[in-house]
Amino acid sequence: MNNTTIASILLAGILTNNMVLSKFLGICPFLGVSKKTDTAFSMSIAVTLVMVVATAVTWPIYNYILAPDYTYLETIVFILVIAAIVQLIEIVLKKYIKPIYNALGIYLPLITTNCAVLGITMLNISENLNFIQSVFNALSAGLGFMLAMLLFSGVRQRMESADIPEFMKGLPITLVAAAIVSLSFLGFAGIGG
Amino acid sequence: MEIVLPVIILGIIGLIAGVGLSLASKFMAVPVDEKQEKLRECLPGANCGACGYSGCDGYAAAVAEGKAEPGNCPPGGTDTAAAMAEILGVEIKTEQKIAHIACGGNPEITKRKYDYSGMQSCSAASLLHSGPLECAFGCIGFGDCAKACPFGAITVKNGKPSVCEEICVGCGLCAKACPKALISIIPKDRKMTVNCANKAKGAAVAKACSVSCLACKMCEKVCETGAIKVVDNLAVIDYSLCNGCGKCKEACKRNVLV
């Protein structure tokens, strides 16, 4: 166990090691649902929620069941558990918190196969974080994802009324813009460790 | 034999997840209203949002709960309304709606402040000093409404969009796309419409465009049913009161009423 503080975990997760812009995980929703700010926000909330819950469940499974002999089962067990958790969260939300279920809509089932969620649970293990640190790392990764989504949805809305050459319209200019936003996050390198 | 334990571990975790999920879906199931399912099947599934709900699912749920009236689906029209009414066992009146572009100007009669050669879109042009027109309220004519129409009901000819009555279903997507908010969704059986949106007054309005409403109130004076009123320097028609006598049209010296 290292003695990284919660504050530096949060700072690193949101800015330095931003899930989307520095680690390049979760690019699919980043490009897919960033067209409007409100859908980007719903998606980020769903991702954050699932990341925290998935970490809270997978960390004990790894450390108390798989470690030390069966660590190679990590990937398959985590995929299985995350898929089940997402389904469970959906059922629970549908039953008890209908407004949130309606707001998250189709985004929740989409996260089942999101690499950012699997990525953060596996990174928590490989970085030897303890349980509390893992949960906060997942929270910061979710918030970092939200920051990236909101920033990029703003960029995309500006591009809607920009004069883009015909051959660059659509995905090409989006990828170029994503690269530039990602480049700007390099400026945070070194902050928070 | 080393493979046995991992298989068992994985199997047990999978089993717990599976049993947990099936129990959860059994005990926490939310009963779906049969009526809602049937109503949803009637709807066109375009998810256009013209009914005011998040999509066809949302509208079907609201109707099933009695929170919304059937027949508020403009793309579905009367067929959908009739089918929905049959499921609910009620009779409904539907009113067909249509988009109306409240500007009679065109590039020939509306004066220009400057020559615009930027991106050919109304939303971009309107950002530059409220658009190239002398009239800050008028139609810029690049056809953002035509691009927004999923049915191809709006065509732009000589810098002026027009709505095809036969195709338009009154979904209102064009109204959202217009940066000047010129488009309104009105009853299809309207007898008279105001073709101007200029709320300014004075000589500037008269100079900018020859078919602008000057708020002279002549129409208001001749209207027998009180359907036409001048509000904020602009004539406004109450379609439920208008009987289509046409006196306002005769009284209007600037051909604003069509």
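Residues numbered from 1 in each chain as written. Chains lettered and ligands numbered in written order. Predicted model: local features only at pLDDT ≥ 70, side-chain atom pairs only at ≥ 80, totals over all residues. Heavy atoms only, no water.

Trainee: For this particular structure, what's the right way to read empty space enclosed by the protein?
Mentor: One way to see where empty space is left: roll a probe the size of a water molecule over the atoms. All names here are of chain B. Scanning all chains against the criterion turns up 5 cavities of 30 Å³ or more. Of the pockets and cavities examined, the largest cavity occupies roughly 130 Å³. Looking at the largest cavity, it is lined by 21 residues, and the ones nearest its centre are Cys-103, Gly-105, Thr-110, Gly-138 and Cys-209. Tallied by class, the residues present in the lining of the largest cavity amount to 11 nonpolar, 9 polar and 1 charged. When residues of the lining of the largest cavity are assigned to domains, at least three map to each of domain 2 (97-189) and domain 3 (191-258). (1 Å grid on protein atoms, 1.4 Å probe; cavity = no way out; pocket = protein on both sides within 12 Å on 5 of 7 lines; lining within 4 Å. Points joined across faces, edges and corners; volume = space filled by probe spheres on them. Nonpolar A, V, L, I, M, F, W, Y, C, P; charged D, E, K, R; others polar. Domains from an automatic or database assignment.)

Trainee: How should the environment of Leu-39 of chain B be read in this particular structure?
Mentor: All names here are of chain B. Inspection of the secondary structure puts Leu-39 in helix α2 (residues 34-42). For Leu-39, a relative accessible area of 0% corresponds to the buried category. A C-alpha to C-alpha distance of 9.8 Å links Leu-39 and Glu-86, two positions 47 residues apart in sequence. (Helix = DSSP H or I, 4+ residues; strand = E, 2+ residues; numbered from the N terminus. Buried < 20%, exposed > 50% of the residue type's maximum accessible area, 1.4 Å probe, protein only.)

Trainee: Would you mind going over the side chain of Ser-44 of chain A with me for this structure?
Mentor: For Ser-44 of chain A, the position within the fold is in helix α3 (residues 37-66). At a separation of 2.5 Å, a polar atom in the side chain of Ser-44 of chain A contacts the main-chain carbonyl oxygen of Ala-40 of chain A. (Polar contact = N/O pair within 3.5 Å; in protein donor to acceptor, adjacent residues only side chain to side chain.)

Trainee: Looking at this structure, how should I read a nonpolar patch on the surface?
Mentor: Residues Ile-3, Val-4, Leu-5, Val-7, Ile-8, Ile-12 and Ile-16 of chain B make up a contiguous nonpolar surface patch of about 640 Å² in total accessible area. The exposure class of Val-7 of chain B is exposed, given its relative accessible area of 52%. (Patch = residues over 30% accessible without salt bridge, like charges linked within 9 Å, V, L, I, M, F, W, Y side chains within 5 Å. Areas by Shrake-Rupley, 256 points an atom, 1.4 Å probe, with all protein chains shown as cover. Salt bridge = Lys/Arg side-chain N within 4 Å of Asp/Glu carboxyl O.)

Trainee: Could you clarify how one ought to interpret the packing of aromatic side chains in this entry?
Mentor: We describe a pair of aromatic rings using the distance from one ring centre to the other and the angle between the two ring planes. All names here are of chain A. This structure, assessed with the given rule, holds 7 aromatic pairs over all chains. Ring geometry for Tyr-70 and Tyr-72: centres 6.3 Å apart, planes at 70 degrees, overall edge-to-face. Take Tyr-72: its relative accessible area is 54%, and that puts it in the exposed class. Taking the centre distance of 5.2 Å and the plane angle of 65 degrees together, the rings of Phe-185 and Phe-188 count as edge-to-face. Aromatic rings pair up to connect Trp-59, Tyr-64 and Phe-131 into one cluster. (Phe/Tyr/Trp six-rings, centres within 6.5 Å; stacked < 30°, edge-to-face > 60°.)

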